[in-house]
Amino acid sequence: MKTWDVIVVGGGIIGLSLAISLRKRGASVLVVERGEPGREASHAAGGMLVDCPLETSPALQTLATASARMYPEFAHELEVESGMKVDLRDQGTILLLRDEQEQQGSDLVPVELAAAEPELSATSHHTQVLFRKERSVDPRALTAAALKTAKNRGVDFSSGDPVTAVNLSDDHVSGVTTAKTSFLAEKVVNCAGAWSGQIGPHTFPTHPVKGQMLCLAMPSRTLLKHVIRSPKAYLIPRSDGRLLVGATVEEAGFDKRTVPETIQKLHRAALELVPKLADAKILEDWAGLRPGTPDALPILGATATPGYYVATGHFRDGILLAPITAEVMSAVIEGRNAEYDLSAFSPARFA
Ligand SMILES: Cc1cc2nc3c(=O)[nH]c(=O)nc-3n(C[C@H](O)[C@H](O)[C@H](O)COP(=O)(O)OP(=O)(O)OC[C@H]3O[C@@H](n4cnc5c(N)ncnc54)[C@H](O)[C@@H]3O)c2cc1C
């Protein structure tokens, strides 16, 4: 029976990026995905690459900034290897704030809206309008490019069959059991996102945090250039003229249905911010499940079971954190120095 060096459970952006990184260093890798790769949180995300000290938890800042810096190369490599575009944009973000905030990071600068984003209307509720250099990416395109890259590089895939257990032999990992079959590997890494806690032998305390979004067709492709974040909604323009409006943060179990009233509320918030969107067509709405954890930090590292690793709990930042997660986790799995202090993310904190 065929054996792999590493089995990655879950084909979201975290599992795919890690599979590519391991494969690049010569490991044989099998990704075992319950459904289709890249159709869950990584498909639902907005794709803002936020490492702003005002919004990023201090414990995550170093990894967030490192990952944001890796993005141009990460995206470029996926585009070249897959032949697909991922729409990495670097026009920056405009933050509309309600309260005067101390501008901790010197990278936030006041901006004149009329010049920067003429169609955006800040109301009297917004006491501060700040600009920040920041990128965004199209997560669906990114995930599709990562999937193609992984396949091109010889990562194997099993789709449509969930992992039901991680197998042990003499207390060491020996592979996984799925609903239909089993696969052999001495190393397994759990990248199952919001579902990570459902696979034994460790019950990681991940939980789903629902986010509803909608997508509008801008009347012109350049109606908005920047990502806009306001207290009621954020707006993410794509280069093809789509505009994403998001997002709720809800504890609703594994329910992925959208609620018409919630979508309308987001829609109204978008129209308030950009009145010229009044006639913009709604192209789509959807909901996805972010992998949340009790302390809102990811879970990264080796577990107490030899050969079993975890990379999950990326909550609102999994698109941003994909490159750095792939780098540090491939180091951990190969027994190299991860070059970052991962103690705040250790699975042992929940043991
Ligand atoms: C509305 C919304 C907006 C967001 N916006 C942003 C943003 O702007 N920027 C950002 O950085 N992040 C954002 N996020 C967060 C980001 O989407 C997630 O953190 C990231 O996608 C997590 O990736 P993942 O690979 O861990 O999870 P997922 O993409 O959910 O992948 C996990 C995979 O595991 C599979 N799986 C589950 N159980 C099993 C099993 N038993 N066996 C096999 N496979 C299994 C699933 O089918 C799934 O494909 C957003 C999320 C949402 C929902």
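In short, a report on the structure. As the structure is a computational prediction, the values presented were derived from the model and not from experiment.

### Here we look at helix α1 (residues 13–24)
Thought 1: Between the first and last C-alpha of α1 there are 16 Å, a value that for 12 residues agrees with the 16 Å anticipated at 1.5 Å per step.
Thought 2: Within α1, 10 of the 12 residues are buried, leaving the element largely enclosed by the surrounding structure.
Thought 3: Along α1, the residues that are buried comprise I13, I14, G15, L16, S17, L18, A19, I20, S21 and L22.
Thought 4: G26 lies just past α1 and shows a positive phi near 100°.

### Thoughts on the site of the ligand
Thought 1: Residues in contact with the ligand amount to 37 residues; listed here are only the nearest, E33, S42, M48, F315 and L320.
Thought 2: A distance of 3.1 Å is found between an oxygen atom of the ligand and a backbone nitrogen or oxygen belonging to I14.
Thought 3: Interatomic distance of 3.1 Å between a backbone N/O atom of A41 and an oxygen atom of the ligand.
Thought 4: Contact with the protein chains hides 98% of the accessible area of the ligand, taken as 1,000 Å² for the molecule alone.
Thought 5: Of all the secondary structure elements, the ones that give two or more residues to the shell around the ligand are α1, β2 (29–33), α2 (41–44), β12 (207–217), β16 (282–292) and α7 (318–334).
Thought 6: Of the residues assigned to the shell around the ligand, the class counts are 20 nonpolar, 11 polar and 6 charged.

### Considerations on the pattern of salt bridges
Thought 1: In this structure the tally under the stated criterion is 21 salt bridges.
Thought 2: Two residues, R140 and E284, come together in a salt bridge whose shortest N-O distance is 3.3 Å. With R140 in helix α5 (residues 139–152) and E284 in strand β16, this residue pair connects regions lying 144 residues apart in the sequence.
Thought 3: Look at R140 and you get partly exposed, because its relative accessible area is 22%.
Thought 4: Across the salt bridge formed by D255 and K210, the nearest N and O atoms sit 3.7 Å from each other. With D255 in the loop between β15 (242–246) and α6 (260–273) and K210 in strand β12, this residue pair connects regions lying 45 residues apart in the sequence.
Thought 5: Overall, D255 belongs to the partly exposed group, its relative accessible area being 24%.
Thought 6: Residue K210 is classed as buried on the basis of its relative accessible area, which comes to 2%.
Thought 7: One salt-bridge network, held together by shared partners, links D51, E55, D107, R132, E134 and R229.

### Details of the packing of aromatic side chains
Thought 1: Across all of its chains, the model carries 4 aromatic pairs by this definition.
Thought 2: The ring of W195 carries R34 above its face, with NZ or CZ at 4.5 Å from the centroid.
Thought 3: Sitting above the plane of the F157 ring, K151 keeps its charged end 5.6 Å from the centroid.

### Quick word on the packing of α1 against α7
Thought 1: Contact geometry for α1 and α7: axes closest at 8 Å, N-to-C directions at 45°. Taken together, the axes of α1 and α7 are oblique relative to one another. Of the two possible hands of crossing, α1 and α7 adopt the one that is right-handed. When α1 is examined against α7, the residues I13, I14, S17, L18, S21 and L22 are found in contact with a partner set consisting of G318, I319, A322, T325, A326, M329, S330, I333 and E334.
Thought 2: Class assignment for the residues of the contact of α1 with α7 results in 9 nonpolar, 5 polar and 1 charged.

### Considerations on the nonpolar core
Soluble, globular proteins show a tendency: their nonpolar side chains are buried together.
Thought 1: Counting residues in hydrophobic clusters, the biggest one holds 50 residues, and the most contacted among them are V8, L142, V189, I319, M329 and I333.
Thought 2: Mapped by element, the contributors of at least two residues to this core are β1 (3–9), α1, β2, α3 (61–82), α5, β18 (308–312) and α7.
Thought 3: Per-element accounting of this core gives the leading share, 10 residues, to α7.
Thought 4: If sequence neighbours within four positions are ignored, V8 has contacts with G15, A19, V29, L30, V31, V32, V189 and C191.
Thought 5: One finds L113, M218, L243 and L273 within the second-largest nonpolar core, a separate group that totals 24 residues.

### Notes on unusual backbone geometry
Thought 1: Put simply, G200 and P201 share a cis peptide bond, and its omega is 5°.
Thought 2: For P201, the location among the structural elements is in the loop between β11 (182–190) and β12.
Thought 3: Although it is not a glycine, D87 adopts a positive phi angle of roughly 55°.
Thought 4: Note on placement: D87 falls in the loop between α3 and β4 (93–97).
Thought 5: For F315, which is not glycine, the phi torsion reads 45° and is therefore positive.
Thought 6: Residue position: F315 is located in the loop between β18 and α7.
Thought 7: The class of F315 is partly exposed, set by a relative accessible area of 23%.

Each value, and the rule that gives it
- Residues numbered from 1 in each chain as written.
- Predicted model: local features only at pLDDT ≥ 70, side-chain atom pairs only at ≥ 80, totals over all residues.
- Heavy atoms only, no water.
- Helix = DSSP H or I, 4+ residues; strand = E, 2+ residues; numbered from the N terminus.
- Expected span 1.5 Å × (residues − 1).
- Buried < 20%, exposed > 50% of the residue type's maximum accessible area, 1.4 Å probe, protein only.
- Near = heavy atom within 4 Å.
- Polar contact = N/O pair within 3.5 Å; in protein donor to acceptor, adjacent residues only side chain to side chain.
- Areas by Shrake-Rupley, 256 points an atom, 1.4 Å probe, with all protein chains shown as cover.
- Nonpolar A, V, L, I, M, F, W, Y, C, P; charged D, E, K, R; others polar.
- Salt bridge = Lys/Arg side-chain N within 4 Å of Asp/Glu carboxyl O.
- Phe/Tyr/Trp six-rings, centres within 6.5 Å; stacked < 30°, edge-to-face > 60°.
- Lys NZ or Arg CZ within 6 Å of the ring centre and 35° of its normal.
- Axes fitted to C-alpha atoms, helices over the stretch in contact; angles between N-to-C directions.
- Parallel < 35°, antiparallel > 145°, perpendicular 65-115°, else oblique.
- Left-handed = near helix turned anticlockwise from the far one by under 90°.
- Contact = heavy atoms within 4.5 Å.
- Core = buried A, V, L, I, M, F, W, Y, C linked by side-chain atoms within 4.5 Å.

Any functional reading would require information beyond the geometric quantities listed.
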